[in-house]
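# An overview of the molecular structure
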Amino acid sequence: MAAGVATWLPFARAAAVGWLPLAQQPLPPAPGVKASRGDEVLVVNVSGRRFETWKNTLDRYPDTLLGSSEKEFFYDADSGEYFFDRDPDMFRHVLNFYRTGRLHCPRQECIQAFDEELAFYGLVPELVGDCCLEEYRDRKKENAERLAEDEEAEQAGDGPSLPAGSSLRQRLWRAFENPHTSTAALVFYYVTGFFIAVSVIANVVETIPCRGPARRPPREQPCGERFPLAFFCMDTACVLIFTGEYLLRLFAAPSRCRFLRSVMSLIDVVAILPYYIGLLVPKNEDVSGAFVTLRVFRVFRIFKFSRHSQGLRILGYTLKSCASELGFLLFSLTMAIIIFATVMFYAEKGTNKTNFTSIPAAFWYTIVTMTTLGYGDMVPSTIAGKIFGSICSLSGVLVIALPVPVIVSNFSRIYHQNQRADKRRAQQKVRLARIRLAKSGTTNAFLQYKQNGGLEDSSSGEEQVLCVRNRSAFEQQHHHLLHCLEKTTCHEFTDELTFSEALGAVSLGGRTSRSTSVSSQPVGPGSLLSSCCPRRAKRRAIRLANSTASVSRGSMQELDTLAGLRRSPAPQSRSSLNAKPHDSLDLNCDSRDFVAAIISIPTPPANTPDESQPSSPGGGGSGASSTLRNSSLGTPCLLPETVKISSL
Amino acid sequence: MGAVMGTFSSLQTKQRRPSKDKIEDELEMTMVCHRPEGLEQLEAQTNFTKRELQVLYRGFKNECPSGVVNEETFKQIYAQFFPHGDASMYAHYLFHTFDTTQTGSVKFEDFVTALSILLRGTVHEKLRWTFNLYDINKDGYINKEEMMDIVKAIYDMMGKYTYPVLKEDTPRQHVDVFFQKMDKNKDGIVTLDEFLESCQEDDNIMRSLQLFQNVM
């Protein structure tokens, strides 16, 4: 639990007085915590340095070593102190955590050593306070990376080690992703690179005009049209290779959907598709225009180089992450362009034969002027136009020059930040998940506790299961509190599984077996027939065991009548599901006083007293495998009895 | 040009902000810091011994160094005990019962006074405290709506996964049963006397009141 919750437990328990008038069942008695001697000062001796603190301080975190009974293992009776053979400097931080609730990370110590100390004292590293958290994580990451690098270097030296039984598919994928792993992969890598280059060069050369051989007049033709066959063959070869590569990657990919959606595969597809479309489309005049446009897409083959170049990938990623800055730049430029174009248009409106025919036409002038290109194809002729033109070119310098260093520094800052942010986000999820796990540990602790038959009266001390006895005082009291709440509302805490099962049972209207972990319902002293709940129990029984309805009802009624017979102030009668058979057998009581019947009916245990059953005919036979019956009904007696009913 | 304008505007806001921040910072520095009355006084007013008060105060001060608990912190603390469900509404009602002076914060004296009643008080005092808890608007009467709110808040603490499955009208039924028992003259409201009388008649309640005797 979180900081200092143990301090507030008495208050939370006191506040439970508010439930009392509402409780329809009597509440269970409080756990008999042995009289604590108030608050005392403990001495913790860590390698000779003595630390003294209140016992309460350590009890604040009952799920750590110092807060739980685990510290008793380190107690030295002769000196009356707890002795730990650990680093005293680190212990200071651990103890401060108990005192302040925040765990700080020492700056000058090795992070690994700190982690080890935390592990020893049962503290989760996620408890490190926010002030020190970032540094802690950074140092840890650094460490981890350094270790990983060492490992990789080792591995690379030894040669790549694939699991022996890896399939062709896995090996192929690995070859694709890491070309350095095998010679064949490397060869394939270079060959594809070569063909990408060839394809791109061919696209470029296609359009160069080559002189035809001695033709009168020497007609300039692009090479593509002069040697159509050669270029076509080269194109076909490249496309064949690219298609083969794409199909092989698709086959080898561990997750085909993800591969299909990845950017690289899209680029591959865009690179080879025009060729196939060109093959399929018939060569008629109408569509050949469109076909020519398609050839433009062949230039995207150059992006295939990004598989071969790490830098290109990084650039693409940075652009993506810098999109907002670029967008802002574009936006402000657009604003400026529109303003100046409008101004120039109206300034030049009067002139004859002006180039500034419309505002969009003036856009071109503005862009050319602002970027200081100055082609000179559009020039203002009026004085006003020249004035505004000069303002435009001056401000253009500012507009273009100012953001560029900002964007460049943004690039590097955002790039690094993104790396760190992604890391942090991933770690945050893990961190929250671990804290949630620890929390759910306490949530489940109560259910677990019920399962282990913990809600037994402490007066029947010998019969308590060992694991139940070793709970701390805090846990005892907290579980008692939750138990009171259950009693007040006549509902039990369960886990998700049982809940959904119960829901399903309600909807289906009948289930024959129930393997659940819902457990006990201790009944308070003296009121063995509580008002609301037998009805509920019957309802439950009816719902859940349609087929054995009569049996269950019968057993309930039997139990009820038996309860009616015995008006003894028997304290806890306990029923627990899943009580192991040997537990009940081991109970060492007088057999005449102790009656235990373990009935395996697929029904929940009764809220009503779990009484002994004389030969209950239905009890044994309803479908479950093993029925255990222990001893027989003794005479109703006033001695405390413990009865267990479990359904298997 | 847009960038230029952008820089200008950001410069302006930068200048305006410091003055506002300064005031807030100063306010924060003079944080609410409350010291309780003396140990002897508290010992006289409550049923705790000095040692118990010391233990209580150490814990309280550690959790709330400023000496007061506000409602948010209270709700968070209480919610930690009931991880299954939502304890905020019940904590809200509890807080307002603890906060007898309706100041919005619970001081150590309020805390200790309430604990003294609940743990060491007479039956009469405990029942009266519970009546105050149920009487949300503190008008001296409990009506059905107030009871519904309280019962709903308690059932909320159970959470979603209960056995048997919680139904819509379970709280209402619970309230009806309660009113049947408590409301003697069947006028739809429960007064303090009716409440005390009915509770004293019920053995269960009387016995349960001794439950939290040894909490400290």
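None of the values given here were measured: they were computed from a predicted structure. (Residues numbered from 1 in each chain as written. Chains lettered and ligands numbered in written order. Predicted model: local features only at pLDDT ≥ 70, side-chain atom pairs only at ≥ 80, totals over all residues. Heavy atoms only, no water.)

## Notes on the confidence of the model for chain B
Residue and element names in this part refer to chain B. Confidence in the prediction of chain B, expressed as mean pLDDT, is 79, and 83% of residues score 70 or more. Within chain B, helix H5 (residues 88-98) carries the highest mean pLDDT (89), whereas helix H1 (residues 2-29) carries the lowest (50). Contacts from residues 6-18, a stretch scored under 50 in pLDDT, to residues over four places away or in other chains number zero contacts. (pLDDT = per-residue confidence, 0-100. Helix = DSSP H or I, 4+ residues; strand = E, 2+ residues; numbered from the N terminus. Contact = heavy atoms within 4.5 Å.)

## A look at the nonpolar core
Among the nonpolar cores identified, the biggest contains 77 residues, and Trp19(A), Tyr78(B), Phe82(B) and Phe111(B) are the most heavily contacted of them. At nine residues, helix H8 (residues 144-158) of chain B tops the list of elements feeding residues into this core. Not counting residues up to four positions away in its chain, the partners in contact with Trp19(A) are Leu481(A), Cys484(A), Leu485(A), Thr488(A), Tyr78(B), Phe82(B), Tyr90(B), Tyr134(B), Ile154(B) and Met157(B). Counting residues in hydrophobic clusters, the runner-up holds 27 residues, among them Leu65(A), Phe91(A), Leu118(A) and Leu133(A). (Core = buried A, V, L, I, M, F, W, Y, C linked by side-chain atoms within 4.5 Å. Buried < 20%, exposed > 50% of the residue type's maximum accessible area, 1.4 Å probe, protein only.)

## Side note on the UniProt feature "domain: EF-hand" (unreviewed entry) in chain B
Sequence positions flagged by UniProt for "domain: EF-hand" (unreviewed entry) are, in local numbering, residues 86-121, 122-157 and 170-205 of chain B. Taken end to end, residues 86-121 of chain B comprises 67% helix and 8% strand; its first and last C-alpha atoms sit 29 Å apart. (UniProt positions renumbered as here; feature names shortened; annotations may be inferred.)

## Observations concerning the interface of chain B and chain A
Chain B puts 64 residues into the contact, and the matching count from chain A is 66 residues. Carbon and sulfur atoms supply 71% of the area that chain B and chain A bury against each other, a total of about 6,100 Å² over both sides. When the buried surface of chain B facing chain A is broken down by residue, Phe81(B), Tyr161(B) and Tyr163(B) rank first, second and third, together holding 15% of it. Across the chain B-chain A interface, the total number found is zero salt bridges. Applying the counting rule to chain B against chain A returns four residue pairs in polar contact (both at pLDDT 80 or more). Of the residues in the side of chain B that touches chain A, the class split is 45 nonpolar, twelve polar and seven charged. Sheet analysis places strand E7 (residues 492-493) of chain A next to strand E4 (residues 162-163) of chain B, joined by two bridges and oriented antiparallel. Residue pairing in the sheet places Phe493(A) in a bridge with Thr162(B) of E4(B). (Buried area = accessible area lost by both parts, 1.4 Å probe. Salt bridge = Lys/Arg side-chain N within 4 Å of Asp/Glu carboxyl O. Polar contact = N/O pair within 3.5 Å; in protein donor to acceptor, adjacent residues only side chain to side chain. Nonpolar A, V, L, I, M, F, W, Y, C, P; charged D, E, K, R; others polar. Pairing = 2+ DSSP bridges.)

## So, the pattern of salt bridges
Residues and elements named next belong to chain A. Tallying each qualifying case throughout the model produces 21 salt bridges over all chains. A salt bridge links Glu 117 to Arg 86, with the nearest nitrogen and oxygen atoms 3.1 Å apart. Of this pair, Glu 117 sits in helix H4 (residues 111-120) while Arg 86 sits in the loop between strand E4 (81-84) and helix H3 (88-100); the two residues are 31 residues apart in sequence, bridging distant segments of the chain. What makes Glu 117 buried here is its relative accessible area of 8%. A salt bridge links Arg 434 to Glu 126; the nearest nitrogen and oxygen atoms lie 3.7 Å apart. Note that Arg 434 is positioned in helix H17 (residues 403-451) and Glu 126 in the loop between H4 and helix H5 (130-158), a separation of 308 residues in sequence. Look at Glu 126 and you get buried, because its relative accessible area is 16%. Three or more residues are tied together by salt bridges with common partners; here these are Glu 245, Arg 249, Asp 268 and Lys 304.

## Focus on the packing of helix H3 (residues 50-63) of chain B against helix H6 (residues 108-120) of chain B
Residue and element names in this part refer to chain B. Two elements in contact, H3 and H6, have axes whose closest approach is 11 Å; the angle formed by their N-to-C orientations is 130°. Relative to H6, the element H3 is oriented oblique. You can see that H3 and H6 cross each other, and the crossing is right-handed. Contact residues: H3 offers Glu 52, Leu 53, Leu 56, Tyr 57 and Phe 60, while H6 offers Phe 108, Phe 111, Val 112, Leu 115 and Arg 120. Taken together, the residues of the contact of H3 with H6 break down into eight nonpolar, no polar and two charged. (Axes fitted to C-alpha atoms, helices over the stretch in contact; angles between N-to-C directions. Parallel < 35°, antiparallel > 145°, perpendicular 65-115°, else oblique. Left-handed = near helix turned anticlockwise from the far one by under 90°.)

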